[in-house]
Amino acid sequence: MIVEERLNLIREMLKKEEIVSNSRLLEKLDVSESTLRRDLDYLQGKGEIRRVRGGATLNKLLEETNFKFNETTNIESKRIIGEKASKLIEDGSHIFLDAGTTIYSLIEYLENKNVTVVTNGLMHLEKLNNLSISTVVLGGNIKESTFITYGEQTINEINNLNFDLAFIGANGICDNIYSTADINEALIKKAAINKSNRSYVLADSSKFGKKYFADICTFDDAKLIKEDE
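Residues numbered from 1 in each chain as written. Predicted model: local features only at pLDDT ≥ 70, side-chain atom pairs only at ≥ 80, totals over all residues. Heavy atoms only, no water.

Engineer: Looking at this structure, I do not really get the overall build of the chain. What am I missing?
Structural biologist: Counting its regular elements, the chain contains nine helices and 14 strands. With the C-alpha coordinates of the chain rotated into their principal frame, the extents come out at 65 × 35 × 30 Å. Within the chain, counting contacts between residues at least 6 apart in sequence, those at least 24 apart form 62% of the total. Accessible surface for the chain amounts to roughly 12000 Å². Of this, 45% is attributable to carbon and sulfur atoms. Across the chain, the mean location of the 30 positive side-chain charges is 5 Å away from that of the 36 negative side-chain charges. (Helix = DSSP H or I, 4+ residues; strand = E, 2+ residues; numbered from the N terminus. Contact = heavy atoms within 4.5 Å. Areas by Shrake-Rupley, 256 points an atom, 1.4 Å probe, with all protein chains shown as cover. Lys, Arg positive; Asp, Glu negative; His and termini not counted. Charge placed at Lys NZ, Arg CZ, Asp CG, Glu CD.)

Engineer: I would appreciate a short explanation of the pattern of salt bridges in the present structure.
Structural biologist: Where charged atoms from two side chains of opposite charge come close, those side chains can pair. Here the structure, examined in full by the defined rule, presents 12 salt bridges. In this structure, Arg51 engages Asp41 in a salt bridge whose closest nitrogen and oxygen atoms are separated by 2.7 Å. Here the residue Arg51 occupies a position in strand 2 (residues 49–52), and Asp41 occupies one in helix 3 (residues 33–45), the gap between them amounting to 10 residues. Asp182 is paired through a salt bridge with Lys143; the nearest N and O atoms lie 2.7 Å apart. Taken together, the positions of Asp182 in the loop between strand 11 (177–180) and helix 9 (183–194) and Lys143 in strand 7 (residues 141–143) put the pair 39 residues apart, joining distant regions of the chain. Taking the relative accessible area as the measure of exposure, Asp182 reaches 16% and is therefore buried. (Salt bridge = Lys/Arg side-chain N within 4 Å of Asp/Glu carboxyl O. Buried < 20%, exposed > 50% of the residue type's maximum accessible area, 1.4 Å probe, protein only.)

Engineer: Where do I start with the sheet that holds strand 2 in this structure?
Structural biologist: What holds strands together in a sheet is hydrogen bonding between their backbones, with the strands either parallel or antiparallel. Taken in spatial order, the three strands of this open sheet run 1-3-2, and their pairing is antiparallel. Here the strands that pair on one side only, and so sit at the sheet edges, are strand 1 (19–21) and strand 2. With strand direction ignored, the average angle separating the axes of adjacent strands in the sheet is 25 degrees. For strand 1 and strand 3 (residues 55–58), the ladder comprises three bridges, and the chain directions are antiparallel. (Pairing = 2+ DSSP bridges. Axes fitted to C-alpha atoms, helices over the stretch in contact; angles between N-to-C directions.)

Engineer: Help me understand the sheet that holds strand 6 (residues 134–137), please; the structure alone is not making it clear to me.
Structural biologist: Pairing within the open sheet is parallel, and its six strands lie in the order 6-5-4-9-12-14. Bordering the open sheet on either side are strand 6 and strand 14 (223–225), each of which pairs with just one other strand. Across this sheet, the average inter-strand angle for adjacent strands is 25 degrees, counted without regard to direction. Here four bridges tie strand 5 (residues 116–119) to strand 6, and the two strands are oriented parallel to one another. Paired with Val118 across the two strands is Val136, which belongs to strand 6. Along the sheet, helix 5 (residues 75–86) makes contact with strand 9 (163–169), strand 12 (196–202) and strand 14, crossing strand 14 at roughly 130 degrees.

Engineer: What exactly am I supposed to notice about the domain arrangement of the chain here?
Structural biologist: How big an interface is tends to be stated in terms of the accessible area lost upon association of its parts. Parsing the chain into structural domains produces domain 1 (3–58) and domain 2 (67–225). With centres defined by C-alpha atoms, the gap from domain 1 to domain 2 works out at 37 Å. (Domains from an automatic or database assignment.)

Engineer: Which parts of the structure should I look at to understand the packing of helix 8 (residues 152–159) against helix 9?
Structural biologist: Pairs of packed helices are described in terms of their axes, by the angle between the two and the distance that separates them. Contact geometry of helix 8 with helix 9 gives a least axis separation of 9 Å together with a crossing angle of 5 degrees. Between helix 8 and helix 9, the angle is such that the two are roughly parallel. On helix 9, the residues that touch Thr154, Ile155, Ile158 and Asn159 of helix 8 are Leu187, Ile188, Ala191 and Ala192. Looking at the contact of helix 8 with helix 9 residue by residue, the classes come out as six nonpolar, two polar and no charged. (Parallel < 35°, antiparallel > 145°, perpendicular 65-115°, else oblique. Nonpolar A, V, L, I, M, F, W, Y, C, P; charged D, E, K, R; others polar.)

Engineer: Which parts of the structure should I look at to understand the side chain of Ser196?
Structural biologist: Relative to the helices and strands, Ser196 is located in strand 12. Exposure remark for Ser196: the relative accessible area of 12% places this residue in the buried category. Looking at Ser196, its side chain comes within polar contact range of the main-chain oxygen of Ala192, at 2.6 Å. Apart from the residues within four sequence positions on either side, Ser196 is in contact with Phe163, Leu165 and Ala166. (Polar contact = N/O pair within 3.5 Å; in protein donor to acceptor, adjacent residues only side chain to side chain.)

Engineer: What's the story with empty space enclosed by the protein in this structure? I'm lost.
Structural biologist: Any empty space left between the atoms is revealed when a probe the size of a water molecule rolls over them. Taken as a whole and assessed by the stated rule, the structure comprises one cavity of 30 Å³ or more. Size it by volume and the largest cavity reaches roughly 30 Å³. Taken together, Asp98, Ala99, Asn120, Ile148, Glu185, Ile188 and Lys189 make up the full set of residues lining the largest cavity. Here the element with the most residues in the lining of the largest cavity is helix 9; it accounts for three residues. Here the lining of the largest cavity is composed, by residue class, of three nonpolar, one polar and three charged. (1 Å grid on protein atoms, 1.4 Å probe; cavity = no way out; pocket = protein on both sides within 12 Å on 5 of 7 lines; lining within 4 Å. Points joined across faces, edges and corners; volume = space filled by probe spheres on them.)

Have a look at this one:
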C-alpha cells in the first residue's frame, strides 16, 4: 500500500470512529510501527489529526468567533502588531485593510498619514472617519457576525483596483499556511493579496498551530507580522 493510500485510509477510519487505536491501525494498514508512527506524525504536522495515548483522533476544524469577542482578546499583542505594521506605510499609499480586530488596531497609527484606505471591514469605518482618513468602502453582501461585506460584488471591486500594501487577518496559522473559517472571506483576502504590491498577515501568537476550513495563502504570498518579532 502506497503512502497516500495509507493516509487516506487513516483519515477515513478517524472520520467514522473519531478515535482509533494504534493496534487497529497497524492491523488495518499491515505496516510496521515505525511506518505508522511516520504516517501519524505527518498527519499531525498537517493539523489533520492529534496523537493521543495509544492512538489518534481527528483534529476537528475550529469555528469562527465573532468580532465582539475578538475585540476583547489579546489586546496588547494586537496593539504591538498594529504599530509595527503602520511603520511600513508611506505617505501617498493606497492600502487594503482586511476586516478583523488586529487590523482594527492598526488604524489608530494611521493618524496624520496621507493614505487612501480600501476596506470591506465595516467595523473600521467609524474609526477611519474620526481620523479623517480617505476611505473607499467595498460593496457586497453584509455578514453580521464579523461586520464585513463579501461576495461577487466585493471581489469584482477589488479586482478593479491596485494596492501598494494589503494588511490581511487570519484565524489560523499552521504548516506555513494562513487559514480562516469562511471560504467567502478567504476569497476576498486572496483577491486583495493578488492585487497588492506587498501583502502582510497580521496575527498574534494565539493563531499559531490552528487550522480552519479555508486556506488563504502560504508564507510565500504574504509576510507575517506578529508581536514578538
